[in-house]
Structure formats: C-alpha cells, structure tokens
Amino acid sequence: MKSGDSATTNFCDELSITRSKRHLPPTHYMLKIESFSILSETAEKYESGVFEAGGHKWRLSLYPKGNKKMNGTGHISLYLAIVETENLPLGWEIYVNFKLFVFDQIRDKYLTIHDADDSSIQRFHDMKTEWGFTKFLPLDTFNDVSHGYLVNDCCLFGVEVFVHKHSGKLECVSMTKKPDNCTLTWKIENFSALDEESYSQEFTVADSLKILVYPKGNSNGKAKAISVYLCSCNCLLSDLKYFAKFKLRIRDQINKNHVENTAKHWFSKSLKAWGFSQIFASRESQ
C-alpha cells in the first residue's frame with residue numbers, strides 16, 4: 001500500500017453500505033481462508049493473489065481484525081486494490097463499479113456488500129489505488145457460527161469488478177465575436193479572361209478560408225452572373241464545423257458604390273462553401 005492509501009480507503013460508512021444476499025457466486029475472484037483464527041492472530045493485513053478484470057490487475061486487501069488506522073477495530077475490513085500500474089500512462093484514471101462478498105456457508109448464499117447507490121462508480125488513480133469498506137462486517141457477526149460466515153474456522157470472500165471503458169468524444173464550441181485579421185482583399189488581374197472558377201489565396205480567421213468566384217456564374221446562377229462564395233479549407237479534412245457571419249463585397253474602384261451581401265453559415269465537410277450565386281441581383285444566399 002502506498003503511503004497515501006490509508007487516508008483514502010474509507011469511502012463508505014454504515015450509512016452508505018448496502019447488504020443483500022444472492023446465490024450467484026462472485027464473477028471475478030474468490031479468496032478462501034482456512035484457519036482464519038491463526039491468520040487473524042499473526043497478520044494485521046492479508047493481500048490476496050493478483051487477478052485480472054476489465055483489462056487491469058487487482059487484488060483484495062483483508063484486515064482480519066479491522067483497519068485500525070481507519071477506526072475499523074471490531075470489524076472485518078476489506079478493500080479492492082489496483083496493482084501493476086507502472087505501465088499505465090501518466091495521469092491514468094480507471095472508473096470502476098465493484099461489489100465485495102462473503103459466503104454464508106449454512107444458507108449457501110453470498111452476502112453482497114456494495115455502495116448504497118448501486119450505480120456508484122469509483123475512480124482509481126495514482127494517488128488512490130484502493131477503495132473498499134473499513135466496516136465491511138462486524139466481527140461479532142462474522143464470528144457467530146449461526147450466520148454461516150465462519151464455519152470450522154474457514155471463510156470465503158469474493159469480488160466483482162466492472163471497469164467502465166471511456167470511449168466518448170469531447171466536443172468543444174468556441175466562438176469569437178470580433179476576430180482579428182478578418183478581412184481579405186483579393187485583386188483579380190485579367191478578370192475578363194477568366195472562364196472557369198477561381199480561388200483566392202488562403203487566409204485564416206479561426207478556420208483556413210478562401211474566396212471562390214465564378215466569373216460567368218455557377219450552374220445555379222443565371223447566365224453571365226457573377227457568383228461569389230466563401231469556402232472552408234479545414235472542413236475537407238476533418239469533422240470540424242465552423243460558424244461564420246461574413247460579408248462578401250465587390251468594390252467599385254471608381255465611385256466607391258460597392259456591392260456587398262452578408263450571410264451566416266455553419267461550414268462543414270458536406271457544406272464547405274456558402275455565398276451568392278448572383279451577388280449583383282440578389283441578397284439570398286445559396
């Protein structure tokens with residue numbers, strides 16, 4: 001046990017423990033102790049062999065006379081500990097739902113002891129490698145033969161360990177009201193010679209963007225209409241989405257009577273471009 005473990009093992013008290021009985025044996029591990037009285041006289045703590053569950057290695061830690069450091073005197077103290085953590089990544093966390101058991105040999109049932117909230121999940125990590133029950137069972141009850149837990153100086157403990165695998169994704173939404181460097185001026189030389197679509201150089205405003213121009217209109221525009229769109233470059237390569245409120249403008253270089261339209265759009269892999277099929281004639285976005 002690590003130096004900090006003893007201060008972190010008492011996550012349950014009598015008010016938060018649920019006890020019930022069942023016939024089904026523990027799923028993952030059972031610890032049979034013969035001559036329990038000798039063990040309790042000679043060892044303050046017993047650690048079981050290592051077993052595997054949920055892709056990790058574990059052991060049981062049993063205090064036959066109670067964990068005195070956690071005020072467990074007069075009780076059986078029983079904990080689940082994760083072991084062989086050396087190869088886990090820095091900052092590792094393992095989320096576990098577990099139950100501990102002791103066998104009633106008279107009634108052929110297992111006393112199941114777990115957190116009162118049956119869906120409770122405990123977090124194992126580098127500073128807390130052991131969880132369990134300091135007051136697992138009163139010694140008076142355990143030693144009373146009529147309860148069936150200690151018969152002929154023999155007893156049987158068990159554990160079930162269910163590891164919750166983390167496979168979720170994190171989505172982060174970040175929005176900037178007034179981003180810096182949000183303007184691109186694109187000067188097109190020899191515009192009348194263009195026949196096909198033409199892209200500006202890339203510029204960055206959160207996303208990498210380009211302006212797309214159809215000098216004679218795209219397939220949705222009228223003949224000889226100028227179509228202008230804003231295009232996302234990053235959305236082609238990822239599942240990212242970008243929202244933009246933007247203004248596309250054709251500058252009047254003589255009278256400064258500019259033509260411009262404003263649009264809002266969520267850019268994604270399926271909708272990587274948005275703008276105006278007839279920027280001179282309409283204010284409706286495509």
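Residues numbered from 1 in each chain as written. Predicted model: local features only at pLDDT ≥ 70, side-chain atom pairs only at ≥ 80, totals over all residues. Heavy atoms only, no water.

Draft legend 1. Expanded view of the overall build of the protein chain. The number of helices and strands found in the protein chain is two helices and 18 strands. The buried share of the protein chain, taken over its 286 residues, is 42%. As presented, the protein chain carries roughly 17400 Å² of accessible surface, and 49% of it is formed by carbon and sulfur atoms. (Helix = DSSP H or I, 4+ residues; strand = E, 2+ residues; numbered from the N terminus. Buried < 20%, exposed > 50% of the residue type's maximum accessible area, 1.4 Å probe, protein only. Areas by Shrake-Rupley, 256 points an atom, 1.4 Å probe, with all protein chains shown as cover.)

Draft legend 2. Region of interest: the packing of aromatic side chains. On inspection of all chains with the given rule, the structure shows 11 aromatic pairs. Relative to Phe 51, the ring of Tyr 29 has its centre 4.5 Å away and its plane inclined at 10°; by these criteria the two rings are stacked. With Tyr 29 in strand S2 (residues 29-34) and Phe 51 in strand S4 (residues 51-53), this pair connects stretches of sequence that are 22 residues apart. You can call Phe 51 buried: its relative accessible area is 5%. Ring centres of Tyr 214 and Tyr 229 lie 6.0 Å apart, and the angle between their planes is 90°; this geometry places the pair in the edge-to-face category. Of this pair, Tyr 214 sits in strand S14 (residues 207-214) while Tyr 229 is found in strand S15 (residues 227-232), placing the two residues 15 residues apart along the sequence. The exposure class of Tyr 229 is buried, given its relative accessible area of 3%. By the ring-pair criterion, three or more aromatic residues cluster together here, those being Phe 36, Phe 136, Phe 142 and Phe 157. (Phe/Tyr/Trp six-rings, centres within 6.5 Å; stacked < 30°, edge-to-face > 60°.)

Draft legend 3. Structural context of the environment of Ile 17. Examined against the element boundaries, Ile 17 turns out to sit in strand S1 (residues 17-22). Judged by its relative accessible area of 11%, Ile 17 is buried. Between the alpha carbons of Ile 17 and His 114 there is a distance of 5.9 Å; along the sequence they are 97 residues apart.

Draft legend 4. Broad picture of the pattern of salt bridges. Following the criterion strictly, the structure yields 10 salt bridges and no others. Two residues, Glu 160 and Arg 22, come together in a salt bridge whose shortest N-O distance is 2.3 Å. Of this pair, Glu 160 sits in strand S11 (residues 154-164) while Arg 22 is found in strand S1, placing the two residues 138 residues apart along the sequence. Residue Glu 160 is classed as buried on the basis of its relative accessible area of 3%. Linking Lys 32 and Glu 34 is a salt bridge whose minimum nitrogen-to-oxygen distance equals 3.9 Å. Summarising the burial analysis for this pair, Lys 32 and Glu 34 share the class exposed. One connected set of salt bridges, linked through shared partners, spans Lys 21, Asp 104 and Arg 107. (Salt bridge = Lys/Arg side-chain N within 4 Å of Asp/Glu carboxyl O.)

Draft legend 5. The arrangement of the nonpolar core in detail. Within the largest apolar cluster, 36 residues are counted, with the highest numbers of intra-cluster contacts made by Trp 58, Ile 76, Phe 124, Phe 136, Phe 142, Phe 157 and Val 161. The contacts of Ile 76, once residues within four sequence positions are left out, are Phe 36, Leu 62, Tyr 63, Pro 64, Phe 133, Thr 134, Lys 135, Phe 136, Leu 137, Leu 139, Phe 142 and Phe 157. (Core = buried A, V, L, I, M, F, W, Y, C linked by side-chain atoms within 4.5 Å. Contact = heavy atoms within 4.5 Å.)

Draft legend 6. Representation of a nonpolar patch on the surface in the model. A surface patch of nonpolar side chains, amounting to about 440 Å² of accessible area, comprises Val 173, Met 175, Phe 243 and Trp 266. Tracing the backbone through its elements, the reader meets Trp 266 in strand S17 (residues 259-267). (Patch = residues over 30% accessible without salt bridge, like charges linked within 9 Å, V, L, I, M, F, W, Y side chains within 5 Å.)

Draft legend 7. Broad picture of the side chain of Gln 122. Among the secondary structure elements, Gln 122 is positioned in strand S9 (residues 122-125). Engagement of the side chain of Gln 122 in a polar contact is seen with the side chain of Ser 120, the distance being 2.9 Å. (Polar contact = N/O pair within 3.5 Å; in protein donor to acceptor, adjacent residues only side chain to side chain.)

Draft legend 8. Expanded view of the environment of Ile 279. Turning to its location among the elements, Ile 279 is positioned in the segment after strand S18 (273-276). On the basis of relative accessible area, Ile 279 is assigned to the buried category, the value being 2%. When the C-alpha positions of Ile 279 and Asn 261 are compared, they lie 7.0 Å apart, and in sequence the two are 18 residues distant.

Draft legend 9. How the structure looks around the confidence of the model for the protein chain. Averaged over all residues, the pLDDT of the protein chain is 84; the fraction at 70 or higher stands at 87%. Low pLDDT, under 50, characterises residues 1-15; the stretch is placed with 37 contacts to residues that sit more than four places away or in other chains. Here residues 282-286 is a poorly scored stretch, pLDDT under 50, and it has 14 contacts once near neighbours within four places are set aside; other chains count. (pLDDT = per-residue confidence, 0-100.)

Draft legend 10. Expanded view of unusual backbone geometry. Positive phi, normally seen in glycine, also occurs at Asp 108, with a value near 55°. Position of Asp 108 relative to the elements: it lies in the loop between strand S7 (93-104) and strand S8 (109-115). Although it is not a glycine, Asp 153 adopts a positive phi angle of roughly 65°. Structurally, the position occupied by Asp 153 is in the loop between helix H2 (139-143) and S11. According to the relative accessible area criterion, Asp 153 is partly exposed, its value standing at 23%.

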